[in-house]
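A look at the structure
One-letter residues, chain by chain:
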Amino acid sequence: MNENTKTLLFVVVAVLIVAIVWATRPSVDTSTGSSAVGEELFPDFTDPLAATSMEIVKYDEETGDSKTFKVAQADGVWSIPSHDNYPADAKDQLAEAATSVMALKILDLTSENIGDQPEYGVLDPADKELKPGTAGVGTRVTMKDKDGKELLSMVIGKRDEEQPQLRYVRRVGQDPIYQVKVDTDKLSTKFADWIKPDLLSLSPWEIRQMDIQDYSVDEAQGSLVQRGEIWLDYDDAAEKDKWKLAADRKFVGGKWVADQMPPGMELNTKKLDDMKRALDDLKIVDVARKPAGLAKSLKENKDFSADKEARDSLMMRGFYLANVGGKAGIYSNEGEFRCLMKDGVEYVLRFGNISESRRADSEEDKDGKKKSVGVNRYIFVMAEFNQTAIPKPKLEELPKTEPKKPAEAKKPDEAAKKDDAKPADAKAASDADKKGKKPADAKADEKKSTDADKLKAERERIQKENQRKTDEYEEKITKAKEKVNELNARFADWYYVISNSVYEKIHLGRNDIIVKKKAEEKKDADLAKPPAGLPPMSGIPPAMMDQLKKAAPPAAKPATKPPVPQADKQDAEPKPAAKPAADKPSPPPPAKPDAKPATKPSTPPPAKPAAAPPAKK
């Protein structure tokens, strides 16, 4: 082989090596490099309403697992596939989330080196090669339209330390790392942010009574272990004492024994008010779908005791089938709580086992940082109709009609007399009728007819009013039953999970409800009694009180001798006789000797008692 051949061979090998290096280099989209600064990150995404699904993937460094939150629209219905397709209230919120990331502008190109991705926190959490403890993993956000076409897909990384409002991001499948200004508040992965927050849909001012049942379940025997029960009445319209203890009883020796409020004790209204607010704002942090057979049986109110899947599903979450009074029902080891509304709807909450959330969304804040959270607990929710909450109408009693007396048969002699009546008498009666004069019996008949008409009208009025009250009462019952059916149709498919802090506000015991009365503050005796000569005053500082005492005039000293009465003076005239009472007639003045009375009274006037002389001392 000559030198020229060797040289040519070296050149060919070198070209091949360069070609191989070029072909195996890290992929870089040159169209999205530094030339993309100032452009939009996703220029084709212009309509936020086009987004019909959003998927957010996060990475758990401790376990090495990627956890997904997804909300989507299917057949016009919004649901959360990552949470067993629980119904979502997401139309407006997803549009807001899409708007927040739709027009992101590239402010700067940070790096095009794939090795810099961990430093800026933009590693893809959906990468299956990630291992536990991998650092620098970001949050992947993907939005699609109704046809499944990607509108955007990016990995959001760390914040810029000097400019916290800026974040590092990159498009999924591309290497360049950019700086953009993005608000992630709308990209929530919290389950509670995507559902209707009001689980029970109750109004606190419509609460009528609360029933707290304290019991546990004997799993081996399938029976209840009763301990106690407390009923509390609530009146939102009352000016004070809105809460009242309606009943309190304990289960002692196999029977219920009524208990009374001990002396010196009172209701803890603060805790009761906290309980009421917790019910009004009952938020769920997670859900679990019930087996289809159990859900169907609950909706149709059918027995499911033979359904093993249903029993196992209940027991796994702390709920059991138990016989009470020969009837099987669902109970729990933590007792139950009942809230009766004025419309007859009674909410029943049974508390189950502790639940560890299956999702990462309840364990991170909006910045993706870990935060400590309390434990959660399962609750079994249903509704019942309680007719006692709807008072029966007070119907007015109908007036009684007087029975008609049978017409008395005319006696033969009276008939004969009528037949023998003189023509003149008949003519007189006819003339009287013509002149408008009716006989006495005709007037009586007319009066009876008028009274009967009034009685009939009054009966009709009362009947109409009673019917109106009855219809109104039956309508309330119908509406309450319809609402109960609607609520159970919503509750039947799900076990709900609430935070343990909310559970503790609702699940109160007797020692939480009945507490010692607060001691009244003693008033300062000096403040209660002002110095002589001053009006009653309160709330005066002690220093000012001392000054007022010094400035007050001394009290008058009593005289050593009582004053001499006017009657003891020599020149004093006797006091006039006491004036007679107003209801007694004044005696006439003494007559002069030569005067004679005009008329002589038939009876002598009463003797005038001599006036008693004034007493001398």
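Just so it is clear, the structure is predicted and the values come from calculations on it, not from any experiment. (Residues numbered from 1 in each chain as written. Predicted model: local features only at pLDDT ≥ 70, side-chain atom pairs only at ≥ 80, totals over all residues. Heavy atoms only, no water.)

**So, the overall build of the protein chain**
- Broken down by element type, the protein chain carries 13 helices and 22 strands.
- Across the 617 residues of the protein chain, 32% fall into the buried class.
- Considering only contacts within the protein chain whose residues lie at least 6 apart along the sequence, 66% involve residues at least 24 apart. (Helix = DSSP H or I, 4+ residues; strand = E, 2+ residues; numbered from the N terminus. Buried < 20%, exposed > 50% of the residue type's maximum accessible area, 1.4 Å probe, protein only. Contact = heavy atoms within 4.5 Å.)

**Describing unusual backbone geometry**
- Not every positive phi belongs to a glycine, and Asp75 is a case in point at roughly 55°.
- Of note, Asp75 is situated in the loop between strand 2 (65–74) and strand 3 (77–80).
- For Asn85, which is not a glycine, the phi torsion comes out positive at approximately 60°.
- Mapped onto the elements, Asn85 comes out in the loop between strand 3 and strand 4 (86–87).
- Take Asn85: its relative accessible area is 44%, and that puts it in the partly exposed class.

**Topic: helix 5 (residues 292–300)**
- Of all the residues in helix 5, the buried ones are Leu294, Ala295 and Ser297. Along the long axis of helix 5, the arc covered by the buried residues comes to 165°, so they all point the same way. Residues of helix 5 that are exposed and point over 90 degrees away from its buried face: Ala292 and Lys296.
- Where helix 5 is buried, its residues touch helix 6 (308–316) and strand 21 (494–499). (Arc of directions from axis to C-beta.)

**Notes on the nonpolar core**
- Membership of the largest hydrophobic core comes to 77 residues, with the highest contact counts inside it found for Met143, Leu200 and Tyr496.
- Tallying contributions element by element places helix 2 (residues 91–102) first for this core, with five residues.
- Apart from residues no more than four positions distant in its own chain, Tyr496 is found in contact with Tyr86, Leu199, Ile284, Asp286, Val287, Arg377, Tyr378, Ile379, Val381, Arg490 and Phe491.
- Ala310, Leu314, Tyr378 and Val497 belong to the second-largest nonpolar core, a separate cluster that totals eleven residues. (Core = buried A, V, L, I, M, F, W, Y, C linked by side-chain atoms within 4.5 Å.)

**As for the confidence of the model for the protein chain**
- Residue-level pLDDT values for the protein chain average 79, and 69% of them are 70 or greater.
- Mean pLDDT across the elements of the protein chain ranges from a minimum in helix 12 (residues 525–528), with 48, to a maximum in strand 6 (residues 139–144), with 97.
- Here residues 558–617 is modelled with pLDDT under 50, and outside its nearest four sequence neighbours on either side it reaches seven contacts, counting other chains as well. (pLDDT = per-residue confidence, 0-100.)

**Describing the packing of aromatic side chains**
- Following the criterion strictly, the structure yields 13 aromatic pairs and no others.
- Taking 6.2 Å as the distance between ring centres and 0° as the angle between the ring planes, the aromatic pair formed by Phe319 and Tyr495 counts as stacked. Remark: Tyr495 occurs in strand 21 and Phe319 occurs in strand 16 (residues 319–324); sequence separation between them is 176 residues.
- On the basis of relative accessibility, which here comes to 0%, the residue Tyr495 falls in the buried class.
- Grouping aromatic residues by their ring pairs yields a cluster made of Phe319, Tyr378, Phe380 and Tyr495.
- Its end group placed over the ring of Phe380, Lys290 keeps NZ or CZ at 3.9 Å from the ring centre. (Phe/Tyr/Trp six-rings, centres within 6.5 Å; stacked < 30°, edge-to-face > 60°. Lys NZ or Arg CZ within 6 Å of the ring centre and 35° of its normal.)

**Comments concerning the sheet that holds strand 6**
- Strand order across the open sheet formed by nine strands is 4-3-2-1-6-7-8-9-5, with antiparallel pairing between neighbours. The two strands at the open ends of the sheet, each matched to only one other strand, are strand 4 and strand 5 (108–111).
- With five bridges connecting them, strand 1 (residues 53–60) and strand 6 associate as antiparallel partners. Counted as the bridge partner of Val57 is Arg140 from strand 6. (Pairing = 2+ DSSP bridges.)

**Describing the sheet that holds strand 10 (residues 207–218)**
- Ordered by their spatial adjacency, nine strands build an open sheet running 13-12-11-10-18-19-20-21-15, and the pairing between neighbours is antiparallel. Because the sheet does not close on itself, it has two edges, and the strands there are strand 13 (255–258) and strand 15 (286–289). Sheet twist, expressed as the average angle between the axes of neighbouring strands with direction ignored, equals 25°.
- As paired elements, strand 15 and strand 21 share four bridges and run antiparallel to each other. (Axes fitted to C-alpha atoms, helices over the stretch in contact; angles between N-to-C directions.)

**Re the environment of Val101**
- Here Val101 is to be found in helix 2.
- Since its relative accessible area comes to 0%, Val101 is described here as buried.
- For Val101 and Val141, which are 40 residues apart along the polypeptide, the C-alpha to C-alpha distance reads 9.7 Å.
- Among all residues touching Val101, those that are not within four sequence positions of it are Met143, Leu152, Met154, Val182 and Leu187.

**A few points about the environment of Val515**
- With respect to the helices, strands and loops of the structure, Val515 is situated in strand 22 (residues 514–516).
- Judged by relative accessible area, which is 24%, Val515 ranks as partly exposed.
- When the C-alpha atoms of Val515 and Met261 are compared, they prove to be 9.8 Å apart, with 254 residues separating the residues in sequence.
- Residue contacts for Val515: discarding those within four places in its chain leaves Gly264, Met265, Glu266 and Asn268.

**Considerations on the side chain of Arg170**
- Relative to the helices and strands, Arg170 resides in strand 8 (residues 166–171).
- Nearest to the buried, unbridged Arg170 among oppositely charged side chains is Asp124, at 5.1 Å.
- In this structure the side chain of Arg170 is engaged in a polar contact, spanning 2.8 Å, whose partner is the backbone oxygen of Val122.
- Contact partners of Arg170, with chain neighbours within four places excluded, come to Gln117, Val122, Leu123, Asp124, Met154, Val155, Asp175, Pro176 and Ile177. (Lys, Arg positive; Asp, Glu negative; His and termini not counted. Salt bridge = Lys/Arg side-chain N within 4 Å of Asp/Glu carboxyl O. Polar contact = N/O pair within 3.5 Å; in protein donor to acceptor, adjacent residues only side chain to side chain.)

**Comments concerning the pairing of strand 7 (residues 150–159)**
- Counting buried positions over the ten residues of strand 7 gives seven, a clear majority of the element.
- As paired strands, strand 6 and strand 7 are joined by six bridges and run antiparallel to one another. Note that in strand 7 the partner of Lys144 across the bridge is Glu150.
- Here strand 7 pairs with strand 8 via four bridges, running antiparallel. Bridging across to strand 8, Ile156 finds its partner in Val169.
- Here strand 7 folds back onto strand 8, and the loop between the two strands holds six residues.

**With respect to the pairing of strand 10**
- Here strand 10 runs beside strand 18 (residues 336–341); their pairing, made up of six bridges, is antiparallel. Looking across to strand 18, one finds that Met210 is bridged to Cys339.
- One ladder, built from ten bridges, connects strand 10 with strand 11 (residues 223–234); its direction is antiparallel. Residue pairing for strand 11: Gln213 is matched across the bridge by Glu229.

**Re a negative patch on the surface**
- A cluster of acidic residues, Glu206, Asp233, Asp235 and Asp236, forms a negative patch on the protein surface.
- Position of Glu206 relative to the elements: it lies in the loop between strand 9 (177–181) and strand 10.
- Judged by relative accessible area, which is 31%, Glu206 ranks as partly exposed. (Patch = residues over 30% accessible without salt bridge, like charges linked within 9 Å, V, L, I, M, F, W, Y side chains within 5 Å. Areas by Shrake-Rupley, 256 points an atom, 1.4 Å probe, with all protein chains shown as cover. Charge placed at Lys NZ, Arg CZ, Asp CG, Glu CD.)

**Remarks on the environment of Arg208**
- Inspection of the secondary structure puts Arg208 in strand 10.
- The spatial distance from the C-alpha of Arg208 to the C-alpha of Asp343 is 9.0 Å, given a sequence separation of 135 residues.
- Beyond its immediate stretch of four places on either side in the chain, Arg208 contacts Leu232, Asp233, Tyr234, Leu340, Met341, Lys342, Thr388, Ala389, Ile390 and Pro391.

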